[in-house]
Amino acid sequence: MNSTRGPRLVLIGKQGAGKGTQAKRIAERFHMQHLSTGQLFRDSAAAGIDAGLKAKKFMDRGDFVPDEIVIDVVEERFANPKEVEHGFVLDGFPRTETQAVELDRILGSRTLDLVLNMEVPTEIVMARLASRKREDDTEEGIRRRLELYETETKPLVDFYDCLGLLVTVNGVGEEDEIFGRMLAAIETRLTY
Ligand code: AMP
């Protein structure tokens, strides 16, 4: 990666690990796009757009939105090179191995620089989620999403580790402190 653009970055972590907060700060720091598939779905459902309304049915149950729908939404964003030419931070995508393989295809020569794995113990994410007021944060929804994280998303940690892209960051602590750790991890990939 060179210093004329920001990193091409993926954040992985359990729900409530703080991905959204940190992704927003990283995107601001490097003047680049923050792409949250969850947020895209919430916005398009609120606007009454078909893909968003379909996605909402799955989100309300804590289920994953089917890969085809998620991949279409991401592909659409990457089809506009202006959106991502300065780098990007993907938050909440990929969440399955199929999505990771499709992301690689969508990116083509714009290969990822880094995958940051935010590690936070389950007891701590549960406490954070209890204080969050999102529509899908029901007891059943939270349980289901943690289960899906273990079975579907956690394997991506090994997947990206094998590709030499993974850096695990301790996601426990103050927001600023965690941001500092994230930046330090990104710096290790910057070449000048
Ligand atoms: P998030 O805002 O990342 O917590 O995502 C909220 C919800 O959107 C998730 O619980 C899923 O139902 C859905 N979602 C977001 N991103 C994805 C994805 N990459 N694959 C499947 N479902 C997703």
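Before any of the text, the structure's been laid out above.
The rules behind the values
- Residues numbered from 1 in each chain as written.
- Predicted model: local features only at pLDDT ≥ 70, side-chain atom pairs only at ≥ 80, totals over all residues.
- Heavy atoms only, no water.
- Near = heavy atom within 4 Å.
- Polar contact = N/O pair within 3.5 Å; in protein donor to acceptor, adjacent residues only side chain to side chain.
- 1 Å grid on protein atoms, 1.4 Å probe; cavity = no way out; pocket = protein on both sides within 12 Å on 5 of 7 lines; lining within 4 Å.
- Sits in = over half its atoms within 2 Å of the grid points.
- Salt bridge = Lys/Arg side-chain N within 4 Å of Asp/Glu carboxyl O.
- Helix = DSSP H or I, 4+ residues; strand = E, 2+ residues; numbered from the N terminus.
- Buried < 20%, exposed > 50% of the residue type's maximum accessible area, 1.4 Å probe, protein only.
- Points joined across faces, edges and corners; volume = space filled by probe spheres on them.
- Nonpolar A, V, L, I, M, F, W, Y, C, P; charged D, E, K, R; others polar.
- Contact = heavy atoms within 4.5 Å.

K.L.:
Would you mind going over the site of the ligand with me for this structure?
P.N.:
Lining the immediate environment of the ligand, one finds 14 residues, of which Thr37, Asp63, Gly92, Arg95 and Arg145 sit closest. Within the backbone of Val65, a nitrogen or oxygen atom sits 3.0 Å from a nitrogen atom of the ligand. In this structure, a nitrogen atom belonging to the ligand sits 2.9 Å away from a side-chain N or O atom of Arg95. More than half of the atoms belonging to the ligand lie within 2 Å of the grid points that define the largest pocket.

K.L.:
Help me understand the pattern of salt bridges, please; the structure alone is not making it clear to me.
P.N.:
For side chains of opposite charge, pairing can occur when their charged atoms come near one another. A full pass over the atoms with the stated rule returns 21 salt bridges. For the salt bridge of Asp63 with Arg144, the shortest nitrogen-to-oxygen distance reads 2.6 Å. One end of the pair, Asp63, is in the loop between helix 3 (50-61) and helix 4 (67-78); the other, Arg144, is in helix 8 (residues 139-153), with 81 residues separating them in the sequence. Relative accessible area serves as the criterion here: at 21%, Asp63 is assigned to the partly exposed category. Beyond isolated ion pairs, a larger network of salt bridges with shared partners links Arg61, Asp63, Glu140, Arg143, Arg144 and Glu147.

K.L.:
Where do I start with empty space enclosed by the protein in this structure?
P.N.:
If you roll a probe as big as a water molecule over the atoms, it shows you where there is empty space left. If you walk through the whole model with that rule in mind, you get one cavity of 30 Å³ or more. Of the voids in this model, the largest cavity is the one considered here, and its volume is about 40 Å³. What lines the largest cavity is Leu35, Ser36, Thr37, Leu40, Val74, Arg77 and Leu90. Listed by contribution, the elements that provide at least two residues to the lining of the largest cavity are strand 2 (33-36), helix 2 (37-46) and helix 4. In terms of residue class, the lining of the largest cavity is made up of four nonpolar, two polar and one charged.

K.L.:
What's the story with the side chain of Ser44 in this structure? I'm lost.
P.N.:
Along the chain, Ser44 falls in helix 2. The class for Ser44 is buried, based on a relative accessible area of 14%. Filtering out sequence-adjacent residues up to four positions away, Ser44 remains in contact with Ile49 and Gly52.

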